[in-house]
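Fold and geometry: a report
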Amino acid sequence: MANKKSGQVRAGALGDHTRRGKVFVPPLLSMPVPTEVLDHLRDDLPDLLWPVCLSALGGDHAAGGLVKLQEAMADLDPPLFPGGSRAFEMRLTSLEAIREEVRSQVLGIAVDIIDRHALLPDLVLSALRFYPDLPGRWLLVDPWSDRVIADDGESLAFLANAVRDYALDGHVQAIAKFFQISWDVLRGKASFGKDVAELLKPYPGDPATRNIADSAIRSIWGVTKGALYMADADLQSQHVDWSRRFWKRNWAISKCVTAAMLDPDGESPPAKGCEDDQRIPDRTKLDVEELQRVADEELDYLAKVNERFLDAVFNPDRSCDLYEPAKEEVICGIISRLVRSAGSFTQSPTRWTVEESAHVVRMMVEAEIVLDWMATQPLAIYDKFQKYGEGRRKLMRLHLTDLAATTDGYETDKLTDEIERLGRKTGGEWGEGFTEVSIESTFAGISLRTMAAATGHEAFYRTRFQVASGIVHGEWWAIEDFAMHHCLNPLHRFHRIPSQFFDRDPELVSEITEYFALLCDKALQHMGIAVDAESESISGAVPESEESA
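Residues numbered from 1 in each chain as written. Predicted model: local features only at pLDDT ≥ 70, side-chain atom pairs only at ≥ 80, totals over all residues. Heavy atoms only, no water.

1. Topic: the overall build of the protein chain
Per the secondary structure count, the protein chain includes 24 helices and four strands. The buried share of the protein chain, taken over its 549 residues, is 40%. Pairs at least 24 residues apart make up 68% of the contacts formed inside the protein chain by residues separated by at least 6 positions. (Helix = DSSP H or I, 4+ residues; strand = E, 2+ residues; numbered from the N terminus. Buried < 20%, exposed > 50% of the residue type's maximum accessible area, 1.4 Å probe, protein only. Contact = heavy atoms within 4.5 Å.)

2. Focus: the confidence of the model for the protein chain
Averaged over the protein chain, the pLDDT score is 87; the fraction of residues at 70 or greater is 89%. Throughout residues 1-5 the model reports pLDDT below 50, and contacts reaching past four residues in sequence, or to other chains, amount to nine contacts. The low-confidence segment residues 266-284 (pLDDT under 50) makes 35 contacts with residues lying over four places distant or belonging to another chain. (pLDDT = per-residue confidence, 0-100.)

3. Observations regarding the packing of helix 2 (residues 49-58) against helix 9 (residues 170-186)
Contact geometry for helix 2 and helix 9: axes closest at 9 Å, N-to-C directions at 130°. Regarding the angle of helix 2 to helix 9, the classification is oblique. Like other packed secondary-structure pairs, helix 2 and helix 9 cross with a definite hand, here right-handed. The residues of helix 9 that touch helix 2, namely those facing Pro51, Val52 and Ser55, are Val172, Ile175, Ala176 and Phe179. Class assignment of the residues belonging to the contact of helix 2 with helix 9 gives a composition of six nonpolar, one polar and no charged. (Axes fitted to C-alpha atoms, helices over the stretch in contact; angles between N-to-C directions. Parallel < 35°, antiparallel > 145°, perpendicular 65-115°, else oblique. Left-handed = near helix turned anticlockwise from the far one by under 90°. Nonpolar A, V, L, I, M, F, W, Y, C, P; charged D, E, K, R; others polar.)

4. So, a nonpolar patch on the surface
On the surface, a nonpolar cluster with roughly 420 Å² of combined accessible area is contributed by Leu28, Leu29, Met31 and Val37. Inspection of the secondary structure puts Met31 in the loop between strand 2 (23-25) and helix 1 (40-43). (Patch = residues over 30% accessible without salt bridge, like charges linked within 9 Å, V, L, I, M, F, W, Y side chains within 5 Å. Areas by Shrake-Rupley, 256 points an atom, 1.4 Å probe, with all protein chains shown as cover. Salt bridge = Lys/Arg side-chain N within 4 Å of Asp/Glu carboxyl O.)

5. Thoughts on helix 8 (residues 154-168)
Relative to the 21 Å expected for 15 residues at 1.5 Å per residue, helix 8 spans 21 Å between its end C-alpha atoms, a close match to the ideal helical length. Residues of helix 8 that are buried include every one of Ser155, Phe158, Leu159, Ala160, Ala162, Val163 and Tyr166, and no others. Each element contacted by the buried residues of helix 8 is listed here: helix 1, helix 2, helix 6 (122-128), helix 9 and helix 12 (233-253). (Expected span 1.5 Å × (residues − 1).)

6. Comments concerning the packing of aromatic side chains
Summed over the entire model, instances satisfying the criterion amount to eleven aromatic pairs. Ring plane angle 75° and centroid distance 6.1 Å describe the contact between Trp373 and Phe443, whose orientation is recorded as edge-to-face. With a gap of 70 residues between them, Trp373 in helix 16 (residues 354-374) and Phe443 in the loop between helix 19 (428-433) and helix 20 (448-454) connect regions that are remote in the sequence. Pair check on accessibility: Trp373 and Phe443 agree, each one buried. Ring geometry for Tyr461 and Phe465: centres 5.2 Å apart, planes at 20°, overall stacked. With a gap of four residues between them, Tyr461 and Phe465 both fall in helix 21 (residues 458-472), about one helical turn apart. (Phe/Tyr/Trp six-rings, centres within 6.5 Å; stacked < 30°, edge-to-face > 60°.)

7. Things to note about the nonpolar core
Core analysis: the largest hydrophobic core is formed by 70 residues, its most contacted members being Trp50, Leu80 and Phe88. When residues in this core are grouped by element, the largest group, eight residues, is from helix 9. Each residue touching Leu80, except ones within four places of it in the same chain, is listed here: Met73, Phe88, Ala97, Ile98, Arg99, Val102, Val106 and Trp183. Among the nonpolar cores identified, the runner-up in size contains 51 residues, and Val305, Ile369, Leu371 and Ala444 belong to it. (Core = buried A, V, L, I, M, F, W, Y, C linked by side-chain atoms within 4.5 Å.)

8. Focus on the environment of Leu119
The topology assignment puts Leu119 in the loop between helix 5 (100-116) and helix 6. Residue Leu119 is classed as buried on the basis of its relative accessible area, which comes to 1%. The spacing of Leu119 and Leu54 is 65 residues in sequence and 7.0 Å in space, taken between C-alpha atoms. Other than its neighbours up to four places away in sequence, Leu119 contacts Trp50, Leu54, Ala62, Gly65, Leu66, Ile113 and Ile114.

9. Overview of the pattern of salt bridges
Under the defined criterion, the tally for this structure stands at 27 salt bridges. Between Arg103 and Glu96 there is a salt bridge; the shortest N-O distance is 3.8 Å. In this structure Arg103 comes out as buried when scored by relative accessible area, which is 12%. Close ionic contact of Asp122 with Arg147 constitutes a salt bridge, the shortest N to O distance being 2.9 Å. With Asp122 in helix 6 and Arg147 in the loop between helix 7 (137-140) and helix 8, this residue pair connects regions lying 25 residues apart in the sequence. When salt bridges with common partners are traced through the structure, they connect Asp44, Lys177 and Lys225 into a single cluster.

10. Things to note about the environment of Ser341
Within the fold, Ser341 resides in helix 15 (residues 326-346). Since its relative accessible area comes to 17%, Ser341 is described here as buried. In sequence terms Ser341 and Val360 are 19 residues apart; their C-alpha atoms lie 6.5 Å from each other. Those residues in contact with Ser341 that sit more than four places away from it in its chain are Val360 and Met363.

11. Describing the side chain of Glu328
Inspection of the secondary structure puts Glu328 in helix 15. Residues within four places of Glu328 in sequence aside, it is in contact with Arg318, Ser319, Cys320, Gly333 and Met527.

12. As for helix 9
End to end, helix 9 covers 24 Å across 17 residues, agreeing with the expected 24 Å (1.5 Å per residue, within 8%). The sharpest bend along helix 9 measures roughly 35° and falls at Lys177. Of all 17 residues in helix 9, 13 are buried; the element is thus mostly enclosed. Of the residues flanking the start of helix 9, the one acting as N-cap is Asp169, its side-chain oxygen 2.8 Å from the backbone nitrogen of His171. Gly188 sits one or two positions beyond helix 9 and adopts a positive phi of about 70°. (Bend = angle between axes of the 7 residues up to and from the residue. Polar contact = N/O pair within 3.5 Å; in protein donor to acceptor, adjacent residues only side chain to side chain.)

13. Structural notes on the state of the cysteines
Taken as a whole and assessed by the stated rule, the structure comprises zero disulfides. Take Cys520: it sits in no disulfide, and the sulfur closest to it among the cysteines is that of Cys332, at 9.7 Å. (Disulfide = S-S within 2.5 Å.)

14. Things to note about the packing of helix 16 against helix 17 (residues 380-404)
How two helices pack is summed up by the angle between their axes together with the distance between the axes. Interhelical geometry of helix 16 versus helix 17 gives an angle of 135° and a closest axis separation of 9 Å. Between helix 16 and helix 17, the angle falls in the class oblique. Counted together, Val370, Trp373 and Met374 of helix 16 and Ile381, Tyr382 and Phe385 of helix 17 form the full contact between these two elements. Residues that form the contact of helix 16 with helix 17 fall into these classes: six nonpolar, no polar and no charged.

15. Points about unusual backbone geometry
It is generally the case that most residues other than glycine have a negative phi and that most peptide bonds are trans. Here the amide bond leading from Tyr203 into Pro204 is cis, since omega sits at 0°, within 30 degrees of zero. Following the sequence through the fold, Pro204 ends up in the loop between helix 10 (194-200) and helix 11 (207-231). The phi torsion at Met90 lies on the positive side, around 75°, for a residue other than glycine. With respect to the secondary-structure elements, Met90 resides in the loop between helix 3 (61-74) and helix 4 (92-97). Even without a glycine there, the phi angle at Ala118 is positive, about 50°. Position of Ala118 relative to the elements: it lies in the loop between helix 5 and helix 6.

Shown next as structure tokens:
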């Protein structure tokens, strides 16, 4: 229930969210100050490529050499940057922003320090050379153009590992972002408190305070970046421009990597959110004969369930209202539809996946909600159900008739056949003359969710029907979960690529056939038909193999 005046949600799963129209906004995004979620891998790493690569090769030791370079640049006269808005914090774009007239002076000092402290070892230089338009190339690449480096693919692998380490390790991120702080300290412009200053003094050498210091560095980086973007409107676009070029270049220099390529003998990709060595249960290579055995067994069970249902319906000793048969026709029609769908799914092991089963599950959940809701209504509801469908068929025929008038050739012949078939079903012109057409979304004029709430199925609707609907309608979460997986190449930013993996699960078949059996029981109860006393319920029918066991 929402308080429309305040926008606050009073209760429910989204109780701490703020409602804005039909969107529920989480607390962090509801604050008065605009909040933007940033991607540090996408936006920050390309500019920090030099310190990131050095960290991958030399760990924390590389930081000392970079600070030495900063010390040499701190008091350089004239100043490095126009206007004083930049910092010599090892960003590639900052190196590119150094004024042309002081670059020769910078080179005269920096090249010696870079060589003395090994700040451009072969692997790092080779990695930087992958980018022809690298910002700061004049300092990091061009002076060493005559250095010959044999490349057997090692440098590309090194680059990928460096990017991976940055993506996964908060300490590597902090080290790469530390040089903004060290530059401010050298220039006497540090604005953080004494506590932070004491925390950073031994950094990164004190293991006891390293994690806290890492968090402080990353926070200071983010706040400073935001302030700089507000002060210089062009700065963010410059950073983004290089980031775009970096990731586009990575597509040209490296290929997508799948789990199968990394581990040809692996039988399934790593489970999402798990370590690399934790793999989801392998059901992709189930024996074909075993799959067929399960299919035959479940089809046999489904046939027994359906047979008992039909025996109960066709029992000549029971009462059947042929004067007003709508109720039994509707209920039996729904069950008949379900057994056909369940049977098609059961006999096709290639469909035994969560995404394929969603079509059947959604149909069954909807059937249960509709059957239970109609059972609480006057008898006329079943006639209304049929008349709603008849009106929709009439409308379908009219739409196809309009379409046929705009097409020709073979398609017209097919349309004509279908229009004639529908016309026979609607009773032709005379029959349609007595057929109303409702444009309500459901036969009852209320939503399925309302029906579920009225029959105590609201939680079932949310946890089963909505989930299955998300899969059937192709909501992004479902596409991502079942049809995509991450490229494992760090240079591709772990983007999502089409999945070639099918997680077949025979247990899904059992769940569907057992659910069908329960719905058959419920359908008979709604029709007032006593269940065969011998089995007590149709859902008591089990495969022969289970009976013998």
